[in-house]
Amino acid sequence: MIEAIGLTKRYGRTVAVDDLSFTVQPGRVTGFLGPNGAGKSTTMRMILGLDRPTAGRVLIDGKPYTELNRPLQTVGALLDAKWVHPNRSARAHLKWLAVSNGLPKSRVDAVLEAVGLTQVASKNAGGFSLGMSQRLGIAAALLGDPKVLLFDEPVNGLDPEGILWIRTFMQNLAAEGRTVLVSSHLLSEMALTASELVVIGRGKLITQSSTQEFIDRSTGNTVLVRSPQLFKLGPLLVDKGFTVRDGADGALSVSGATSDQIGDIAAANGVVLHELSPQRGSLEEAFMQLTGDAVEYHAEIGK
Amino acid sequence: MTLLAVERIKLFSTRSPYWCSALALVLGVGLTAIIAASTDNGQLSLGATQFGSSQLALSVVLVMAALAVTTEYRFSTIRATFLAVPNRTSALVAKTVVVAFIAAVLGEIIAFGSVGIAKVLSPASDLAITTGDEWRHVAGVGLLYGIGAVIAIAVGILVRQTAGAVAILLVWNMLLEGLIGIIPKVGVKIQAWLPFMNANHFLQLGGDNPAEQAGAGVDFKLSQWGSLGYFAAIAVALLVVALIVAKRRDA
């Protein structure tokens, strides 16, 4: 479990992370969502003890990272796949990591196998493609068989196959009961990967909820209704307190009601329905709406 | 011990230490070879065998030691290191110990290699190492390299980039300390307290020929071993400052 309590990071007068509190539970993938520059990476570096918080603290299973004994056995992290020496082989990179945390050499081969890099293990990491680097980074994160895993924008720049592989991989890790925190600036990606969301904008917590709840709440439910008797149905829906707008092709767009409710009302009043279809707003729109203020504010600060 | 093993694996799994060691060896021993070859057979003194090791090759070793740290910052592997070993002080001390040890061993190889090649090229010269002073002059090169490596690592940690660290070390060692002697009257007095001047003072053979002695003409206040201690104390002080900075700074 990861627990952030009032986490704050200031660089001079700029506040990168502002009084951020959230928890990440084991057994599921938690998405750490926010636009670029929202403070996701800074927060992750503070979780891992690389950056010193200006205020607040963050605990991993009740302890700050820097107090963990052999930390790789508790926490695995992939913050940047390029954190390898280009002239060092993949195996040598994993070997020194393993030795530093008292892990047997067999773990090196095991994680190389798990990410499918066995064939190129003795090649220099500098010659790896982005996808291969990302796999090497994941191998390093898995080295100590940790209970807690952190990934910072792991699918950035990957091809669809690589994205699918990482997504499945993270879900499997969570299914094994591990705590998985993965950051992204793409809600559509998180909707497919994460079951829980921590959403931040401009360093502040916007919301923490389940992904489904977040999407339902933020996209808003509208239902498209088509009927030859709209003149009759429209006022009935307005009476019930729903918002009714004229949609395309003479249909009605009803918000605030489920399709079940509208169907029931129509049946009770003998209205013929030709179409009754729930409409989903786009995730991107919803996300922009929620974090839009944060981003605009950010731009103004920059002036 | 674990951390020493880690730093050893890291150092020897890249190519730069091999190249730097080879270059230091070629330059150090090579310069002695050239000096020996161009001196009349029988005229070569032991004091002339260590110019290559104590002046030229030292610079390469300083660069190698600085690179051991700055490449970690350059490729952000320092962050991977601090993730694996959150106690930054022990991680960096382990690195310093490994690099300083390698530098010291390299120093001995270059120093005795220089004497060896001089013996081969100038067999009639008296190059026997018998007195304590002569042993200090030759074997002392290793100590100089080990301590010099500590200074280079401290500078590397503080500056964090290769170009900056290398420029500082080379200008400091090869130019700055020598140029200060140009300042009238006080220059020589200041030089008596400069670290690399004291390092050279430690190596001085005390022969009749002042041209053979780096740092000749400087009125050192310390004994030769005192100068080495002073050099080491400055190295440790710099390292302590670097470790404190590294601990407080965001990685």
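Thresholds, definitions, all that
Residues numbered from 1 in each chain as written. Chains lettered and ligands numbered in written order. Predicted model: local features only at pLDDT ≥ 70, side-chain atom pairs only at ≥ 80, totals over all residues. Heavy atoms only, no water. Phe/Tyr/Trp six-rings, centres within 6.5 Å; stacked < 30°, edge-to-face > 60°. Helix = DSSP H or I, 4+ residues; strand = E, 2+ residues; numbered from the N terminus. Lys NZ or Arg CZ within 6 Å of the ring centre and 35° of its normal. Expected span 1.5 Å × (residues − 1). Buried < 20%, exposed > 50% of the residue type's maximum accessible area, 1.4 Å probe, protein only. Arc of directions from axis to C-beta. Contact = heavy atoms within 4.5 Å. Pairing = 2+ DSSP bridges. Axes fitted to C-alpha atoms, helices over the stretch in contact; angles between N-to-C directions. Polar contact = N/O pair within 3.5 Å; in protein donor to acceptor, adjacent residues only side chain to side chain. UniProt positions renumbered as here; feature names shortened; annotations may be inferred. Core = buried A, V, L, I, M, F, W, Y, C linked by side-chain atoms within 4.5 Å. Domains from an automatic or database assignment.

Tallied over the entire structure, the rule returns eight aromatic pairs over all chains. Aromatic pair Trp-193 of chain B and Tyr-230 of chain B: ring centres 5.5 Å apart, planes at 75°, arrangement edge-to-face. Residue Trp-193 of chain B is found in the loop between helix 8 (186-191) and helix 9 (195-203), and its partner Tyr-230 of chain B is found in helix 10 (residues 224-248); the two are separated by 37 residues along the sequence. Taken together through their ring pairs, the aromatic side chains of Trp-172, Phe-196 and Phe-231 of chain B make up a single cluster. The aromatic ring of Trp-165 of chain A is capped on one face by Arg-135 of chain A, whose charged end is 4.2 Å from the ring centroid. Taking the ring centre of Trp-96 of chain A as reference, the NZ or CZ of Lys-10 of chain B above it sits at 4.4 Å.

The next point concerns helix 5 (residues 160-175) of chain A. At 3.6 residues per turn, the α-helix brings residues three or four places apart onto the same side. Residues and elements named next belong to chain A. With 16 residues, helix 5 should cover 22 Å at 1.5 Å per step; its first-to-last C-alpha distance of 22 Å lies within 8% of that length. Listing the buried residues of helix 5 in full gives Gly-162, Ile-163, Ile-166, Arg-167, Phe-169, Met-170, Leu-173 and Ala-174. Each buried residue of helix 5 lies within a common arc of 165° when the element is viewed along its axis, so the set occupies one face. Opposite the buried face of helix 5, by more than 90 degrees, sit the exposed residues Pro-160, Glu-161 and Ala-175. On its buried face, helix 5 is in contact with strand 3 (29-33), helix 3 (105-115), helix 4 (130-142), strand 6 (148-152), strand 7 (179-184) and helix 6 (187-193). With its phi angle positive at about 95°, Gly-177 sits one or two positions after the end of helix 5.

In this section: the sheet that holds strand 9 (residues 204-210) of chain A. Residues and elements named next belong to chain A. Ordered in space as 5-6-7-3-8-9, the six strands form an open sheet in which the pairing is mixed. Unpaired on one side and paired on the other, strand 5 (75-78) and strand 9 mark the two borders of the sheet. Each neighbouring strand pair of the sheet contributes to a mean axis angle of 15°, computed without reference to strand direction. Sheet topology places strand 8 (residues 196-201) next to strand 9; six bridges connect them, and they run antiparallel.

Turning our eyes to something else, we now look at the side chain of Glu-72 of chain B. Residue and element names in this part refer to chain B. With respect to the element layout, Glu-72 can be found in helix 3 (residues 51-74). Accessibility expressed as a relative area gives 4% for Glu-72, which makes it buried. A polar atom in the side chain of Glu-72 sits 2.9 Å from the side chain of Lys-10. Apart from the residues lying within four places of it in its own chain, the contact partners of Glu-72 are Glu-7, Lys-10, Thr-77, Ile-78, Thr-81 and Lys-95.

Let us look at the UniProt feature "transmembrane region" (unreviewed entry) in chain B. All names here are of chain B. Mapped onto this numbering, the UniProt entry gives "transmembrane region" (unreviewed entry) at residues 18-36, 56-75, 96-118, 138-159, 166-187 and 228-246. Taken end to end, residues 18-36 has its terminal C-alpha atoms 27 Å apart, with 100% of it in helix and 0% in strand. Span residues 56-75 is 95% helix and 0% strand, its end C-alpha atoms 29 Å apart.

Quick look at the nonpolar core now. A general trend in soluble globular proteins is that nonpolar side chains are found buried together. With 145 residues, the main nonpolar core has Leu-150 and Phe-151 of chain A together with Tyr-145 and Ile-157 of chain B as its most contacted residues. Ignoring any residue separated from it by four or fewer positions in sequence, one finds Tyr-145 of chain B in contact with Ser-53, Ala-57, Leu-58, Val-61, Ala-103, Ala-104, Leu-106, Gly-107 and Ile-110 of chain B. One finds Phe-242, Leu-252, Val-254 and Ile-265 of chain A within the second-largest nonpolar core, a separate group that totals 13 residues.

Let us now look at the domain arrangement of chain A. Partitioning chain A into domains gives domain 1 (2-216) and domain 2 (221-280). Between domain 1 of chain A and domain 2 of chain A, the C-alpha centre-to-centre distance is 46 Å.

All right, on to the sheet that holds strand 1 (residues 2-11) of chain A then. Residue and element names in this part refer to chain A. Strand order in the open sheet formed by three strands is 2-1-4, and the pairing between neighbours is antiparallel. Here the strands that pair on one side only, and so sit at the sheet edges, are strand 2 (14-24) and strand 4 (55-60). Adjacent strand axes in the sheet meet at a mean angle of 20° when their direction is disregarded. Two elements, strand 1 and strand 2, share seven bridges in a ladder whose sense is antiparallel. Of the residues in strand 2, the one forming a bridge with Tyr-11 is Thr-14. Against the sheet, helix 1 (residues 40-47) makes contact with strand 1, strand 2 and strand 4, and its axis sits at roughly 115° relative to strand 1, the strand it touches most.

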